[in-house]
Amino acid sequence: MAAPKVAVVGAGVIGLSTALCITETCPSCSVTVLSDQFSPNTTSDVAAGMLIPHTYPGTPINVQKQWFKETFTYLFAISNSAEASEAGIHLVSGWQVFKTTPKEELPFWSDVVLGFRPMSEAELQKFPQHRFGQAFTTLKCDCPPYLLWLEKRLKATGVQMCNRKVADLWELHSEYNVVVNCAGIGAHQLVGDEKLFPIRGQVLKVQAPWVKNFIRDGGGLTYIYPGIHRVTLGGTREKESWSLSPDPGTTKDIFDRCCSLEPSLRGAQDIEVKVGLRPSRRCVRLQREVLSQGGVKLLVVHNYGHGAGGFSVHRGTAKEAAQLVEECLAALQGSSSRAKL
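Residues numbered from 1 in each chain as written. Predicted model: local features only at pLDDT ≥ 70, side-chain atom pairs only at ≥ 80, totals over all residues. Heavy atoms only, no water.

### Quick look at the UniProt feature "binding site: FAD" (unreviewed entry) in the protein chain
Quick reminder of the rule: UniProt positions are given in the numbering used here, feature names are shortened, and annotations may be inferred rather than shown by experiment. A run of H or I in DSSP becomes a helix once it reaches four residues, and a run of E becomes a strand once it reaches two; helices and strands are each numbered from the N terminus. Contacts: residue pairs with any heavy atoms within 4.5 Å of one another.
The UniProt record marks T43, S44 and V166 with the feature "binding site: FAD" (unreviewed entry), using the residue numbering of this structure. With respect to the helices and strands, the residue T43 is situated in helix α2 (residues 43–46). Contact partners of T43, with chain neighbours within four places excluded, come to G276 and L277. Relative to the helices and strands, S44 is located in helix α2. With residues near it in sequence (within four places) discarded, S44 still touches G12, V13, C143, L147 and F311.

Now the structure itself:
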C-alpha cells in the first residue's frame, strides 16, 4: 500500500497539534493540513493560552485530567528547553480568588499544576472583596508564536499546509484515506453539529510590563494573564453569539473589572481588542466515524468542541485523535490485504 494520505481540516491549536501527533504516531503517512485560515487569523490566536482547565460536563473527570496532564507535561518540557521563547511558553504564578469559598476547594487538576495551595491571609489582603483563594504556578502559551512554532515543526516533518476552504468532508474522499475534522466552530456547518454552539469571547491585549502574576476570579469571567510581551485582560462568555465585532461597552466593562482586581492596570497602554468564538459543546467530540455514500466509504476522526479549555487539553486530545487515525489506517490495511486474497 502506498503511503496513506491523511487530511487534517483546521489550523488552530487543535488542528496543528493533531497533525503533529499523527506524524509522531504514524510516521509512514503523508499529512496535509487544510484550512481557509492560518495564524494569525484563527480563533486560537485570540485565546489567552493559560493552562487552567475548564470542566466538560459530558466527559469523565479522569479523562479530562489525563488530557490536561499530557498537555502540561508536554508544554513544561518545552518551557524548560532552548525553544521556550520561540514557542511562547513560560511559567506564570498567581492567584485564583473567590468571593465565597467554592464547594470544591481542591479542583481535579490541583496536583498537575505546580505548588497548588490555599492563599494566606496576608495574600488575601490584596483582594479585599474576596474571601478565599488558591495560589499556584501554571504554564501560559503566547498563542501566535506557539502556532507558528507548531507550523514550523510540521513543515520540518514534511507536512503540507494548504489554504483551502472545505465545505463538505466528502469532497476529500478521492484524495485522502482518512480525514480528521478539527474545524472548531466551523464544524457547526461542516458536519451539521447542532450540539456545537459559540461562546463569544472578547479580550483586551495591553502593555503593562509591571504585571507579573496572573489573577483570575473564581467564576472565570474576569482574568489578568501576563504574557511575554502583552497582558491579556478578559473577558466575556456570551452563549450563542456569533458576532466578531468588538463592543466598546464590553471593552470598558472588562477594563474596569480587571482594574478592580489589579488597580495598577489603570496605567496600561496600547489597548488592543480581540474577539473569538469558542467552539463549545457538553463534551469534546473525539471519535471515529465512517461516512458512506453509494458504497463508497470515508474514514473520519473528529476532534473539536473544546470550548474555552482548548489550550489546557490540546496535546492530550491530539494524542488520542492520532491513535484513532492509527486504528483507521490499520482497518484500511486489513481490508486491502483481504481484497488481495
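### As for helix α6 (residues 143–156)
The condition is simple: An expected span of 1.5 Å times one less than the residue number is assigned to each helix. Note on exposure labels: buried denotes an accessible area under 20% of the residue type's maximum, exposed denotes more than 50%, and partly exposed covers the range between, all computed with a 1.4 Å probe on protein chains only.
An ideal rise of 1.5 Å per residue puts 20 Å on 14 residues; α6 measures up with 20 Å between its terminal C-alpha atoms. For α6, the complete set of buried residues consists of C143, Y146, L147, W149, L150, E151 and L154. The first or second residue beyond α6 is G158, which carries a positive phi of 90°.

### Focus: the pairing of strand β3 (residues 89–98)
For the record, the criterion: A pair of strands is considered paired only if DSSP assigns at least 2 bridges between the two.
For β3, the buried fraction is high: 8 of the 10 residues fall into the buried class. In this sheet, strand β5 (residues 132–141) lies alongside β3 in antiparallel orientation, the contact comprising 10 bridges. Across the sheet, the residue bridging to L91 is L139, located in β5. The pairing of β3 with strand β9 (residues 214–217) spans 4 bridges and is classified as parallel. The partner of G94 across the bridge, within β9, is F214.

### Section: the packing of helix α3 (residues 61–79) against α6
Short version of the rule: To get an axis, fit a line to the C-alpha atoms, keeping to the stretch in contact for a helix; angles then go from 0 to 180 degrees between the N-to-C directions. When an angle is under 35 degrees it counts as roughly parallel; over 145 it counts as roughly antiparallel; between 65 and 115 it counts as roughly perpendicular; any other value is oblique. Nonpolar residues are Ala, Val, Leu, Ile, Met, Phe, Trp, Tyr, Cys and Pro. Charged residues are Asp, Glu, Lys and Arg, and all others, Gly as well, are polar.
As a packed pair, α3 and α6 sit with axes 14 Å apart at the nearest point and diverge in direction by 90°. The angle between α3 and α6 places the two elements in the roughly perpendicular class. Contacts from Y74, L75 and I78 of α3 reach α6 at Y146, W149 and R153. In terms of residue class, the contact of α3 with α6 is made up of 5 nonpolar, no polar and 1 charged.

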